Amino acid sequence: MAHRDVLDALQRDYTTRAEAIRRDLGRTHSADFAEQAQQRQNDEVLEALLAEAEQGLVRVRQAQQRLAEGRYGECLCCGELIDAARLAAMPVAEYCLHCAEFN
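All values derive from a computational prediction rather than experimental measurement.

Now for the overall build of the protein. Within the protein one finds 4 helices and 0 strands. Scanning the protein from its N terminus toward the C terminus, one meets helices and strands in the order α-α-α-α. Taken over the C-alpha trace, the protein has a radius of gyration of 18 Å; the compact-globule value for 103 residues is 13 Å, which it surpasses by more than 25%. With respect to the three principal axes, the spread of C-alpha positions in the protein is 60 × 30 × 20 Å. Across the 103 residues of the protein, 27% fall into the buried class. Considering only contacts in the protein between residues 6 or more positions apart, those separated by 24 or more positions represent 49%. If you sum the accessible surface of the protein, you get close to 6,900 Å²; carbon and sulfur atoms cover 52% of it. Positive and negative charge centroids in the protein, built from 12 and 18 side chains respectively, lie 4 Å apart.

Below you can see the structure in the form of structure tokens.
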């Protein structure tokens, strides 16, 4: 699968995930106090998951920008190529394995 296709699929996944979480957060809460307390705790978890999805979207867009500029797969620190296995496992990787240890 081409890098563009992988990044596009990741973007769709994060977008779908974020939209579903926003829908869940937009629901009304129970009038029962005990149940409402549990729902508010669940909302905190959902908010953390939403922040993670939104950060994922930012990283995907940055990787897409690097791809468009012809810099995808280049370490932002040392300029060396990021290993293909690392990009396959982590398509939004910004750093080679060596530099990732220090950033």
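Picking up after the structure, the text goes on.
Turning our attention to the environment of G26. Along the polypeptide, G26 turns up in the loop between helix 1 (3–25) and helix 2 (33–68). Separated by 32 residues in the primary sequence, G26 and V58 have C-alpha atoms spaced 23 Å apart.

Analysis parameters
- Residues numbered from 1 in each chain as written.
- Predicted model: local features only at pLDDT ≥ 70, side-chain atom pairs only at ≥ 80, totals over all residues.
- Heavy atoms only, no water.
- Helix = DSSP H or I, 4+ residues; strand = E, 2+ residues; numbered from the N terminus.
- Rg over C-alpha atoms; globule rule 2.2 N^0.38 Å.
- Buried < 20%, exposed > 50% of the residue type's maximum accessible area, 1.4 Å probe, protein only.
- Contact = heavy atoms within 4.5 Å.
- Areas by Shrake-Rupley, 256 points an atom, 1.4 Å probe, with all protein chains shown as cover.
- Lys, Arg positive; Asp, Glu negative; His and termini not counted.
- Charge placed at Lys NZ, Arg CZ, Asp CG, Glu CD.

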